[in-house]
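Chain by chain, the residues run as shown.
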Amino acid sequence: MKLFDVYPFYDVTPISAKGIVVTDDKGEEYLDFYGGHAVISIGHSHPHYVKRLKDQLDNIGFYSNSVKNPLQEELADKLGRLSSCEDYNLFLCNSGAEANENALKMASFHTGKSRVIAFHNSFHGRTSAAVAATDNPKINAPINQQQKVTFLPFNDGEALEREIEKGDVCAVILEAVQGVGGLDEPSTEFYQLIEKLCKKHEVILIADEVQSGFGRTGKFFGFQHHGITPDIISIAKGMGNGFPVGGILIHEDIKASYGLLGTTFGGNHLACAATMAVLEVLENERLIENAKHLEGYFRGLAAEIPQIKKVKGRGLMIGLEFDFEVADLRKRLIHNQHLFTGGAKDKYVLRVLPALNITEKDLDIFFEALNAEL
């Protein structure tokens, strides 16, 4: 049997990793400034993370949600406190796409409506309703296109109000900082208008924090830069530092009932241990503060490079915009400089999504490598 050929590979085969250093099967070392799509939040093989998972595996790795798992309650308490989201309830699943599926499903349940408003260049996942709300026709199959989704531009308040006033919208879903789309973000005024209109028309506001959450933007959640309160928050990627885990935070105004949502693997013992380890390292090592600090340092170094036309994003969710397509630059950074970066739907943007415990010295190395290739 062969693998289903859907991934274009770089010719690198990692076999071990520690911190931001990834070692391949030839013994070559690479610096990871991409974190596997912002997944590696506390560094590869962080000792506390590894110990947490090993200790948990020695006890119990999995049982279904038909029995009690106190780790889920421990995780909900810790997450609520660190994120300042104590007024929410936690439902755990396995991925960002699954998180957004459940968020959209809850919105439809709660409102009795079915149309969704999403935004240009959005990315919310590759499954069913999540991919229907993703602004990429190439990955949106006919079966997904049965979903009713309207795409709007950021910061167009008139268009937003016109669509919501039609009365059939169950949810507005948006990323605080767009990941795959290219690091664009709405203004604070627009975010607050969305909240106001959603409340007025009884529409659920979903904050997709799958990539921007868990401290990456310099606050625990990206929407917290704008002073608003979403109804549902979707999370994944960095919350498990590589272990498959996702979830949604559901405001306590939305009530639960048995069987409303469900999952076999979601919230299993290993997933909870992985997420607890991430939260503990974020808190103990003050990594959210580090992300906020390093944004300023990053921008200062970027300002010295004339080829960089714009720095986009927040914290350590950063994009560098050039006046040329960056695909070849990414290849040269990997093969010549041994340095991982990311691309975006916007082909002129180079994405930088490192672990949140990198240092100023690491960023110095990054910009030296970038300068060498430019």
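Preceding this paragraph is the structure being described.
Residues numbered from 1 in each chain as written. Predicted model: local features only at pLDDT ≥ 70, side-chain atom pairs only at ≥ 80, totals over all residues. Heavy atoms only, no water.

Participant: Can you walk me through the nonpolar core in this structure?
Facilitator: Core analysis: the biggest nonpolar cluster contains 81 residues, and Leu 320, Phe 366 and Leu 370 have the highest contact counts within it. Ranked by residue count, the leading element in this core is helix 8 (residues 269-284), at eleven residues. The residues touching Leu 370, leaving out its near neighbours within four places in the chain, are Ile 305, Ile 308, Leu 320, Phe 322, Leu 329, Leu 333 and Leu 350. Among the nonpolar cores identified, the runner-up in size contains 22 residues, and Ala 171, Ile 204, Ile 206 and Ile 254 belong to it. (Core = buried A, V, L, I, M, F, W, Y, C linked by side-chain atoms within 4.5 Å. Buried < 20%, exposed > 50% of the residue type's maximum accessible area, 1.4 Å probe, protein only. Helix = DSSP H or I, 4+ residues; strand = E, 2+ residues; numbered from the N terminus. Contact = heavy atoms within 4.5 Å.)

Participant: Mind showing me how you'd approach the packing of helix 9 (residues 287-302) against helix 11 (residues 360-373) here?
Facilitator: Direction vectors running N to C along helix 9 and helix 11 enclose 30 degrees, while the axes themselves pass 10 Å from each other. In terms of orientation, helix 9 lies roughly parallel with respect to helix 11. As for how helix 9 packs across helix 11, the hand of that crossing is right-handed. For the pair helix 9 and helix 11, the contacting residues are His 293, Leu 294, Tyr 297, Phe 298, Leu 301 and Ala 302 in the first and Glu 360, Leu 363, Asp 364, Phe 366 and Phe 367 in the second. Considered class by class, the residues forming the contact of helix 9 with helix 11 number eight nonpolar, one polar and two charged. (Axes fitted to C-alpha atoms, helices over the stretch in contact; angles between N-to-C directions. Parallel < 35°, antiparallel > 145°, perpendicular 65-115°, else oblique. Left-handed = near helix turned anticlockwise from the far one by under 90°. Nonpolar A, V, L, I, M, F, W, Y, C, P; charged D, E, K, R; others polar.)

Participant: So what exactly am I meant to see when it comes to the sheet that holds strand 14 (residues 349-352) here?
Facilitator: Hydrogen bonding along the main chain pairs the strands of a sheet, whether they run parallel or antiparallel. Strand order in the open sheet formed by three strands is 11-12-14, and the pairing between neighbours is antiparallel. Looking at strand neighbours, the two that pair on one side only are strand 11 (310-314) and strand 14, the edges of this open sheet. Averaged over all pairs of adjacent strands, the angle between their axes in this sheet comes to 20 degrees, without regard to strand direction. (Pairing = 2+ DSSP bridges.)

Participant: Quick question: what am I supposed to make of the layout of surface pockets here?
Facilitator: Gaps left between atoms are located by rolling a probe of water-molecule size over the structure's atoms. If you add up the space inside the second largest pocket, you get close to 820 Å³. Lining the second largest pocket are 26 residues, with Gln 72, Leu 90, Phe 91, Leu 92 and Leu 261 sitting closest to its centre. Among the elements of the structure, helix 3 (70-83) and strand 4 (88-93) are those that each provide at least two residues to the lining of the second largest pocket. Ranked by residue count, the leading element in the lining of the second largest pocket is strand 4, at four residues. (1 Å grid on protein atoms, 1.4 Å probe; cavity = no way out; pocket = protein on both sides within 12 Å on 5 of 7 lines; lining within 4 Å. Points joined across faces, edges and corners; volume = space filled by probe spheres on them.)

Participant: Which parts of the structure should I look at to understand a nonpolar patch on the surface?
Facilitator: A contiguous nonpolar surface patch, about 470 Å² in accessible area, is contributed by Ile 60, Phe 62, Tyr 63, Val 67 and Phe 265. Looking at the element boundaries, Val 67 is found in the loop between helix 2 (47-59) and helix 3. (Patch = residues over 30% accessible without salt bridge, like charges linked within 9 Å, V, L, I, M, F, W, Y side chains within 5 Å. Areas by Shrake-Rupley, 256 points an atom, 1.4 Å probe, with all protein chains shown as cover. Salt bridge = Lys/Arg side-chain N within 4 Å of Asp/Glu carboxyl O.)

Participant: How should a negative patch on the surface be read in this particular structure?
Facilitator: There is a patch of like negative charges on the surface, built from Asp 77, Glu 86, Asp 87, Glu 252 and Asp 253. Within the secondary structure, Glu 86 sits in the loop between helix 3 and strand 4. Judged by relative accessible area, Glu 86 falls into the exposed class, the value being 53%. (Lys, Arg positive; Asp, Glu negative; His and termini not counted. Charge placed at Lys NZ, Arg CZ, Asp CG, Glu CD.)

Participant: Can you help me understand the sheet that holds strand 5 (residues 115-119) in this one?
Facilitator: Strand order in this open sheet of seven strands is 4-10-9-8-7-5-6, and the pairing throughout is mixed. The open sheet has two edge strands, strand 4 and strand 6 (149-152), and neither has a second partner. Neighbour to neighbour, the strand axes of the sheet diverge by 20 degrees on average, direction disregarded. Bridge count for strand 4 against strand 10 (residues 246-251) is six bridges, and the pairing is antiparallel. Across the sheet, the residue bridging to Cys 93 is Gly 246, located in strand 10.

Participant: Please explain the packing of aromatic side chains as it appears in this structure.
Facilitator: The geometry of two aromatic rings is summed up by the distance between their centres and the angle between their planes. All told, the structure shown has 13 aromatic pairs when counted by the stated rule. On the numbers, 5.1 Å between centres and 50 degrees between planes, the contact of Phe 33 with Phe 366 is tilted. Of the two residues, Phe 33 sits in the loop between strand 3 (29-32) and helix 1 (35-38) while Phe 366 sits in helix 11, which places them 333 residues apart along the sequence. Using a relative accessible area of 0% as the deciding quantity, one classes Phe 33 as buried. The interplanar angle of 65 degrees and the centroid separation of 4.9 Å between the aromatic rings of Phe 298 and Phe 367 together place this pair among those described as edge-to-face. (Phe/Tyr/Trp six-rings, centres within 6.5 Å; stacked < 30°, edge-to-face > 60°.)

Participant: Help me understand the side chain of Asp 135, please; the structure alone is not making it clear to me.
Facilitator: With respect to the helices and strands, Asp 135 occurs in the loop between helix 5 (128-132) and strand 6. Its relative accessible area of 17% is what places Asp 135 among the buried residues. Among all residues touching Asp 135, those that are not within four sequence positions of it are Phe 119, His 120, Asn 121, Ser 122, Phe 151 and Lys 345.

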